[in-house]
Structure formats: structure tokens, C-alpha cells
Amino acid sequence: MTLIDNTIQFVKQQLHDAEGGHDWFHIERVYKNALLIAKGETCDLTVVQLGALLHDIADSKFHGGDEQIGPKTARTFLESQGVSEEVILHVIAIIENISFKGGNFEKKFTSTELDIVQDADRLDALGAIGIARTFNYGGFKNRPLYNPEIQPNLTMSKEEYKNSAAPTLNHFYEKLLLLKDKMNTETGKQIAEQRHAYMEGFLAQFYGEWNGEL
């Protein structure tokens, strides 16, 4: 089996019981998005593949906020596969810098490969699947669907964003609708435009039904 095959098997095993929006199928979609975006970029495809497959190998929000468990898990696996230190460091940099984190987080590392994987991950937070994942996670955290009295907070710090218990609909304004303008690649931007428009249509329908107008 190839390195990528082994990585796929490892990720499937690690995320076997993961929450529905951050499970193997999320990884698979991000992986496919990354391969699509990579076609239009000059990049190290192996780093893109490994970064996409391992980007959520141990998401901190499911591990008590520990932001080091993901990079550590990825390093241990990659070392077991004989991957070069240069590639390991690049993949770990992708894992450490990919997250939205309230939108106020400045990347400490830049590369075309990170741009690709970040766009691929953000695309999975948009459109129909983005909507489904958002409400799935909201249910997982027992959050209300919507509360008109609780307004979205667009100036949250990283810690406030991580600890927020706001209604699920607020997440559209605090993250999802902001992603379109944060895409890195031309392919990512084009796909994000369509998915963004779909979410705007959903929100219009949601408010209409909520207010008894539709």
C-alpha cells in the first residue's frame, strides 16, 4: 500500500466514532476538494494530500481544547511511515494554521499547499453540506436553533469563539458567511460564490418560516 493509502486507513480508524460533521466523510470531502483545487495550482501534491487527510486528525474542540494533540498525532503517524522531516513539518504547519478560530487569527505560516487545504476545508463549511454540518454540531452541543434576542458577535477573540454557546444560526454570521471573502485560490473563490448564495437563500427561507410569512 502507498503512503496515501496507509494515511486513509489510519484516519478512518482514528475518526471511527467522530461527530458527524468532523468524521471520515468530512475528511474525504476535503480531500476531494483539495485535489480539485490543486489542479489549478503549482504545488507539492503529496503535502496537499497528507495535509487534507490529517488536518482534523484530532480536532482540539473534541479534546478539551488541546491544540497540540492533532500535530502530535500526525507526527507520530508520519514518522512511522518514514516520511521526511521536511514534509512532516509542512503538514504540521498546515494543521496548526488551517482553522478559522473566530476570524481574528493570523496565520504564522504561508504556503500554496496550506492555501489549497484551507480552501478545501472551508468549502465543506459552505453550501448544503455546510448547513447540515452546522446544525449537526449545534445539536451535538445542545444549542438552540435560533434566538432573535441573542445577536451574532463579530468581534470575538479566539478564546470567545472557541467557548461560544450561541444559537446555531449565529454561526452563519460569525463564520460561514465570512468565508467567501477569505478564500485563497481562484478555484476556491469560484466554488465558494455558489455555495455562499445557496446559504443566503436558506437563511431567507428560514426567517420567512420562523416569522410565519412563508
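Each value, and the rule that gives it
- Residue indices begin from 1 for each chain and proceed along its sequence in written order.
- It should be noted that, the model being predicted, local features are given only for residues of pLDDT at least 70 and side-chain atom pairs only at 80 or more, the latter also being counted only at that level, while totals for whole chains, interfaces and linings use all residues.
- Side-chain numbers here rest on the full set of heavy atoms in the structure, without hydrogens or water.
- The helix and strand labels rest on DSSP assignments: H or I over at least four residues marks a helix, E over at least two residues marks a strand, and numbering proceeds from the N terminus.
- Radius of gyration: over C-alpha atoms. The globule rule applied is 2.2 Å multiplied by the number of residues raised to the 0.38 power.
- The cut-offs for exposure are 20% and 50% of the maximum accessible area for each residue type, with area from a 1.4 Å probe on protein chains only; residues under the lower value are buried, those over the upper are exposed, and the others partly exposed.
- Any two residues whose heavy atoms approach within 4.5 Å are treated as being in contact.
- Residue-level accessible areas treat just the shown protein chains as cover; the underlying method is Shrake-Rupley with a 1.4 Å probe.
- Under this rule, positive means Lys or Arg and negative means Asp or Glu; His and the chain ends count for nothing.
- A charged residue contributes its charge at one atom only: NZ of Lys, CZ of Arg, CG of Asp or CD of Glu.
- Each pair of aromatic rings taken from Phe, Tyr and Trp, with Trp reduced to its six-membered ring, is defined by centres within 6.5 Å and is described as stacked if the planes are under 30 degrees apart, edge-to-face if over 60, and tilted in the remaining cases.
- In this scheme, a helix's expected span is set at 1.5 Å multiplied by one less than its residue total.
- Each reported salt bridge corresponds to a side-chain nitrogen of Lys or Arg within 4 Å of a carboxyl oxygen of Asp or Glu.

A. Region of the structure containing the overall build of the protein. Along the backbone of the protein there are 10 helices and 0 strands. Computed over the C-alpha atoms, the radius of gyration of the protein is 17 Å, within 12% of the 17 Å expected from 2.2 N^0.38 for a compact globule of 214 residues. With the principal axes as the frame, the protein shows a C-alpha extent of 60 × 35 × 30 Å. Relative to its 214 residues, the protein shows a buried fraction of 46%. Residue pairs in contact within the protein that sit at least 24 positions apart in sequence constitute 65% of those at least 6 positions apart. In the form shown here, the protein has an accessible surface area of approximately 10900 Å², with 49% of it arising from carbon and sulfur atoms. In the protein, which carries 21 positive and 31 negative side-chain charges, the distance between the mean positions of the two groups comes to 1 Å.

B. Spatial organisation of the packing of aromatic side chains. The full count for this structure, using the stated rule, is 11 aromatic pairs. An angle of 50° between the planes, with centres 6.0 Å apart, marks the rings of Phe135 and Phe172 as tilted. One end of the pair, Phe135, is in helix 7 (residues 127-140); the other, Phe172, is in helix 9 (residues 170-174), with 37 residues separating them in the sequence. Overall, the relative accessible area of 0% leaves Phe172 in the buried class. Of the aromatic side chains, those joined through ring pairs into one cluster are Phe135, Tyr146, Phe172, Phe202, Phe206, Tyr207 and Trp210.

C. A look at helix 10 (residues 186-210). The end-to-end C-alpha distance of helix 10 is 36 Å, a good match for the 36 Å that 25 residues give at a rise of 1.5 Å each. Those residues of helix 10 that are buried are in contact with helix 2 (24-38), helix 6 (112-123), helix 7 and helix 9. After helix 10 finishes, the residue Gly212 shows a positive phi value of roughly 70°.

D. Geometry of helix 2. The end-to-end C-alpha distance of helix 2 is 21 Å, a good match for the 21 Å that 15 residues give at a rise of 1.5 Å each. Among the residues making up helix 2, those that are buried are Trp24, His26, Ile27, Val30, Tyr31, Asn33, Ala34, Ile37 and Ala38. Of the surrounding secondary structure, the elements contacted by the buried residues of helix 2 are helix 1 (3-14), helix 3 (45-54), helix 6, helix 7 and helix 10.

E. The arrangement of the pattern of salt bridges in detail. Taken as a whole, this structure holds 6 salt bridges when the rule is applied. The closest approach of N and O atoms between Glu85 and Arg75, which form a salt bridge, is 2.9 Å. Highlighted residues: Glu85 in helix 5 (residues 85-97) and Arg75 in helix 4 (residues 69-80), separated in sequence by 10 residues. Classification of Glu85 as partly exposed rests on a relative accessible area of 40%. In this structure Arg75 comes out as partly exposed when scored by relative accessible area, which is 23%. Glu186 serves as the salt-bridge partner of Lys189, at 3.6 Å between the closest nitrogen and oxygen. Placement of both Lys189 and Glu186 in helix 10 is noted, with a separation of 3 residues, approximately one turn of the helix. Put simply, Arg29, Asp124 and Arg133 are held in one network by salt bridges that share partners.

F. Local environment of the side chain of Asp121. With respect to the secondary-structure elements, Asp121 resides in helix 6. Buried and without a salt bridge, Asp121 has Arg133 as its closest oppositely charged side chain, separated by 5.2 Å.

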